[in-house]
Amino acid sequence: MKPMGAIPADWTAAKLAVLAATIGETPAFVYDLAIVRARVARFRVAMPEQLQLHYAIKANPYAPLLLEIAKIVDGFDVASGGEMEMALAAGVTPSHISIAGPGKRDAELAAAIEAGITINLESEGEADRALAQAGRLGTRPRVAVRVNPDFEIKGSGMRMGGGAKPFGVDAARVPALVRRLVEAGADWRGFHIFAGSQALDAGAIITAERETVALAAQLAEAAGHAPRLVNLGGGFGIPYFPGEVPLDIEAVGSALAETIESRHEILADSRFAIELGRWLVGEAGVYFTRIIDRKESHGEIFLVVDGGLHHQLAASGNFGTVVRRNYPVAIVGGSADSSEEIASIVGCLCTPLDRLADKIMMPRADVGDVVAIFMAGAYGATASPQAFLGHPAPNEILADGGILMRYLTQP
Ligand SMILES: Cc1ncc(COP(=O)(O)O)c(C=O)c1O
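Rules used throughout
- What you see as residue numbers is a count from 1 along each chain, following the sequence as written.
- Side-chain atom pairs in this predicted model are given and counted only at pLDDT of 80 or more, local residue features only at pLDDT of at least 70, and totals for whole chains, interfaces and linings cover all residues.
- To obtain the side-chain values, all non-hydrogen atoms of the structure were included, while hydrogens and water were left out.
- Only protein chains enter the calculation, and the probe is 1.4 Å; a residue is then buried if its accessible area is under 20% of its type maximum, exposed if over 50%, and partly exposed in between.
- Numbering of helices and strands starts at the N terminus; helices are DSSP runs of H or I of at least 4 residues and strands are runs of E of at least 2.
- We call two residues in contact whenever any of their non-hydrogen atoms come within 4.5 Å of each other.
- Any two strands with at least two DSSP-identified bridges between them are counted as paired.
- A clockwise path from the first strand over the helix to the second, with the strands pointing away from the viewer, defines a right-handed crossover.
- Polar contacts, as counted here, are pairs of nitrogen or oxygen atoms within 3.5 Å of one another; within protein the pair requires one atom able to donate a hydrogen and one able to accept it, and residues that are adjacent in sequence qualify only if both atoms are side-chain atoms.
- Working definition: a ring pair exists when centres of Phe, Tyr or Trp rings (six-membered ring for Trp) sit within 6.5 Å. Plane angles under 30 degrees give stacked, over 60 give edge-to-face, the rest tilted.
- The criterion for a charge sitting over a ring is simple: Lys NZ or Arg CZ within 6 Å of the ring centre, and within 35 degrees of the ring normal.
- Any residue with at least one heavy atom within 4 Å of a molecule or strand is counted as near it.
- Here the Shrake-Rupley method, with its probe set to 1.4 Å, supplies the accessible areas, and only the displayed protein chains count as covering residues.
- In this classification, Asp, Glu, Lys and Arg are treated as charged, Ala, Val, Leu, Ile, Met, Phe, Trp, Tyr, Cys and Pro as nonpolar, and every other residue, Gly included, as polar.
- Salt bridge criterion: a side-chain nitrogen from Lys or Arg within 4 Å of a carboxyl oxygen from Asp or Glu.
- Axis definition: a line fitted to C-alpha atoms, over the contacting stretch in the case of helices. Angles run 0 to 180 degrees between N-to-C directions.
- Here the angle decides the label: under 35 degrees means roughly parallel, over 145 means roughly antiparallel, 65 to 115 means roughly perpendicular, and every other value means oblique.
- With the far helix as reference, a near helix turned anticlockwise by less than a right angle produces a left-handed crossing, and one turned clockwise produces a right-handed crossing.

Asker: Give a detailed account of helix H5 (residues 106–115), specifying residues and quantitative values.
Answerer: Glu 108, Leu 109, Ala 110, Ala 112 and Ile 113 are the residues of H5 that are buried. Where the residues of H5 are buried, they touch helix H4 (81–89), strand S4 (97–99), strand S5 (118–121) and helix H6 (124–137). Backbone geometry just after H5 places Gly 116 at a positive phi near 85°.

In structure tokens form, the structure reads like this:
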């Protein structure tokens, strides 16, 4: 038997049962807005008042969810022309949108400039192309420089700073680039410094944020220009696996308040922002999939479901994890038989990679029962190879406090 991660407390058995009975066809992702709202509220209480909260929509760009999140955060971070359109369609003011990510095409740069979206420049070459597009359009581009810092968030699941990286401009070359942008007449907004993702250690985030604010001051001094905005990145993680503990964001918030309070005078008038994806939405999503076959092989039980890694790649352990571990899962409802057994939940794809739970202890389940796979609100539907093997796309549904939104909005 292998362990699995802890089921988030928000997802009670009663709530899951109601949802499983009302969602209709499986496989389906349900995102509960009440959980996202509670996250945002907790962030606001924990963090210094002036800190802006941006949502990194790559975590979950489901349009109805974006419409709701747009009402409660201060801005959106996007990673492509497609996401830019989604953010605009959600009604976000263009000046509250920033685009980051390597390899922005000229057309994407031009679209961002025309809309008045801030471009986080990833290289000197990209800066040249943005300036050329702005010249062609006769518009002053809003730009910030994404910095590749010399540090990372220690222990983060995904390292995005420190050493050679395709992201951002090496810190040592940033002052020269800022001067060049200002001299070229660009509307230079400031710095974007993203040092890692999926960190659960408050101490590591506190240290990285201190280093980030210090680096921003140092770069501003060297450039001779004060940034209007310092985007501190984010990296707040969520506990997917056995033994992981939730991030203490209250500790992060009070340390950040001190860091901002004692900042270098060149940052006196700067504003600060954090951009978060998974911490805001990850625990708010559940992937529901139904058992379509129950079989035994060499003494092991396999529950074959109608979903799989083509919808929820991360739960199969194939999205940036080195060692496969079990996400939290539950059988919803299930048979009257209260016995337990060790079983594996496998998807319907013909590959051994498609294993959603490996040898876990669970109530005996059978064909027709629904399986809930938790932690599915971030990097799920859009971060999975949906076209692989030609199975149907999953449904995506918004709920509010466990009640489907489509019922809420009916007269
Ligand atoms: C630039 C940038 N911002 C924000 C995020 C969101 O990270 P997370 O979902 O872990 O908060 C990422 C993730 O890779 C990123 O690369």
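Asker: Which residues make up the pairing of strand S12 (residues 271–276), and what values do they have?
Answerer: Side-chain direction in a regular strand flips from residue to residue, so the side chains alternate between the two faces of the sheet. The buried fraction of S12 amounts to 5 of the 6 residues, a majority that puts the element mostly inside the structure. Two elements, strand S2 (residues 52–56) and S12, share 4 bridges in a ladder whose sense is parallel. Looking at the pairing, Tyr 55 lines up with Leu 276 of S12. Bridge count between strand S11 (residues 229–231) and S12: 3 bridges; the pairing is parallel. Following the sheet pairing, Leu 229 is matched in S12 by Arg 271. In this region the chain leaves S11, passes through helix H9 (residues 249–261) and returns to the parallel neighbour S12; the handedness of that crossover is right-handed.

Asker: Tell me what's going on with the side chain of Gln 198, and back it up with residues and numbers.
Answerer: Positionally, Gln 198 belongs in the loop between strand S10 (196–197) and helix H8 (202–223). Looking at Gln 198, its side chain comes within polar contact range of the main-chain oxygen of Ile 238, at 2.9 Å.

Asker: Could you give an account of the packing of aromatic side chains, naming the residues involved and the relevant values?
Answerer: For the structure shown, the criterion picks out 10 aromatic pairs. On the basis of an interplanar angle of 25° and a centroid distance of 6.1 Å, the ring pair of Phe 29 and Tyr 31 is categorised as stacked. Owing to a relative accessible area of 0%, Phe 29 belongs among the buried residues under this scheme. Judged by centre distance (5.8 Å) and plane angle (75°), the rings of Tyr 55 and Phe 76 are edge-to-face. With Tyr 55 in strand S2 and Phe 76 in strand S3 (residues 75–78), this pair connects stretches of sequence that are 21 residues apart. Judged by its relative accessible area of 0%, Tyr 55 falls in the buried class. Of the aromatic side chains, those joined through ring pairs into one cluster are Phe 29, Tyr 31, Tyr 62 and Tyr 287. If you follow Lys 15 out to its NZ or CZ, it ends over the ring of Trp 11, 5.0 Å from the centre.

Asker: Please give an account of the site of the ligand that cites residues and values.
Answerer: Residues in close proximity to the ligand total 14 residues, the closest being Ser 197, Glu 275, Gly 277, Arg 278 and Tyr 379. Glu 275 is positioned such that a nitrogen or oxygen atom in its side chain is 2.5 Å from a nitrogen atom of the ligand. For the ligand, whose accessible area on its own is 390 Å², the fraction buried by protein is 95%. Broken down by class, the residue content of the shell around the ligand amounts to 5 nonpolar, 4 polar and 5 charged.

Asker: Could you give an account of the pattern of salt bridges, with specific residues and numbers?
Answerer: On inspection of all chains with the given rule, the structure shows 22 salt bridges. For Asp 170, the salt bridge identified is with Arg 173, shortest N-O distance 3.7 Å. By relative accessible area, which is 34% here, Asp 170 ends up partly exposed. A residue is classified by how much of its surface remains accessible, and Arg 173, at 41% relative accessible area, is partly exposed.

Asker: Describe the packing of helix H7 (residues 174–183) against H8, naming the residues involved and giving the relevant values.
Answerer: A packed helix pair is summarised by two numbers, namely the angle formed by the two axes and the spacing between the axes. Close contact between H7 and H8 brings their axes to 8 Å; oriented N to C, the two are set at 55°. By the criterion of interaxial angle, the relationship of H7 to H8 is oblique. Seen along the crossing, H7 lies across H8 with a hand that is right-handed. Residue-level inspection shows Val 174, Pro 175, Val 178 and Arg 179 of H7 in contact with H8, the latter providing Leu 219, Ala 222 and Ala 223. Along the lines of polarity and charge, the residues of the contact of H7 with H8 split into 6 nonpolar, no polar and 1 charged.

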